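Here's the letter readout for the chains.
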Amino acid sequence: GTLKAMRRQMDELPSARIAQTGWNAYSRIDAVEGFPAPYLARLYIDSDAWTSILEWDGNLDGVRDMRTWYRALPFKLVPNAHTLVIGPGGGSDVLVALASGSRKVSAVELNPLMLRFVRHYGSRAGNLYDRPDVEVIQSEGRNFISRTDSKFDVIFLGFVDTWASVAS
């Protein structure tokens with residue numbers, strides 16, 4: 001629809017194109033490519049909310065400037081942290097946590113399509129969800145926290161909300 005973010009943003013950027021689409025019981029996800037670097041793709045949830053997959057070679061030295069992002073503050077407060085990211089989506093919060101010094105990041109993602117789409121970009125996205133310092137758990141965040149025995153130094157929920165479902 002013309003009111004959806006995906007449509008509006010694709011109309012503004014003629015190079016944008018839908019590269020892949022998936023449906024499941026949670027949502028429809030469209031991977032749209034054609035945004036300027038460092039964005040490999042923007043993943044739209046039900047054509048409205050989105051998360052980005054960033055281009056990255058897998059070398060942390062190449063993303064150290066992410067430590068200056070405002071979203072890096074929690075990770076900088078606890079050096080060498082075991083970080084839990086709930087709702088990592090395209091992975092930018094995972095990448096910011098690693099760039100800011102987290103020794104390990106556990107990422108809990110509800111939608112298996114998100115994980116599949118990010119992994120589709122492989123080495124172009126630094127194989128982010130297949131790194132030894134990143135543990136990916138496909139689960140609902142609150143449920144995972146209530147049943148895990150793991151302890152975390154930082155728990156991060158960035159832009160995790162029900163807006164996508166309300167908007168659809």
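Please read these numbers as outputs of a predicted model, since none were measured by experiment. (Residues numbered from 1 in each chain as written. Predicted model: local features only at pLDDT ≥ 70, side-chain atom pairs only at ≥ 80, totals over all residues. Heavy atoms only, no water.)

A. Here's a closer look at helix H1 (residues 5–12). Where H1 is concerned, the buried positions are Ala5, Met6, Gln9 and Met10. Along H1, the residues classed as buried sweep out an arc of 120° about the axis, all on the same side. Turned more than 90 degrees away from the buried face of H1 sit Asp11 and Glu12, all of them exposed. Contact partners of the buried residues in H1: strand S1 (17–23), strand S2 (28–33), strand S3 (39–45) and strand S4 (49–54). (Buried < 20%, exposed > 50% of the residue type's maximum accessible area, 1.4 Å probe, protein only. Helix = DSSP H or I, 4+ residues; strand = E, 2+ residues; numbered from the N terminus. Arc of directions from axis to C-beta. Contact = heavy atoms within 4.5 Å.)

B. Expanded view of the pairing of strand S8 (residues 154–157). What you see with S8 is a clean split: Val154 and Phe156 sit on the buried side and Ile155 and Leu157 on the side with no burial. Pairing of strand S5 (residues 82–86) with S8 involves four bridges; the strand directions are parallel. When the bridges of S8 are listed, Leu84 appears paired with Ile155. (Pairing = 2+ DSSP bridges.)

C. Local environment of a nonpolar patch on the surface. On the surface, a nonpolar cluster with roughly 260 Å² of combined accessible area is contributed by Ile145, Ile155 and Leu157. As for its placement among the helices and strands, Ile145 is situated in helix H5 (residues 141–147). (Patch = residues over 30% accessible without salt bridge, like charges linked within 9 Å, V, L, I, M, F, W, Y side chains within 5 Å. Areas by Shrake-Rupley, 256 points an atom, 1.4 Å probe, with all protein chains shown as cover. Salt bridge = Lys/Arg side-chain N within 4 Å of Asp/Glu carboxyl O.)

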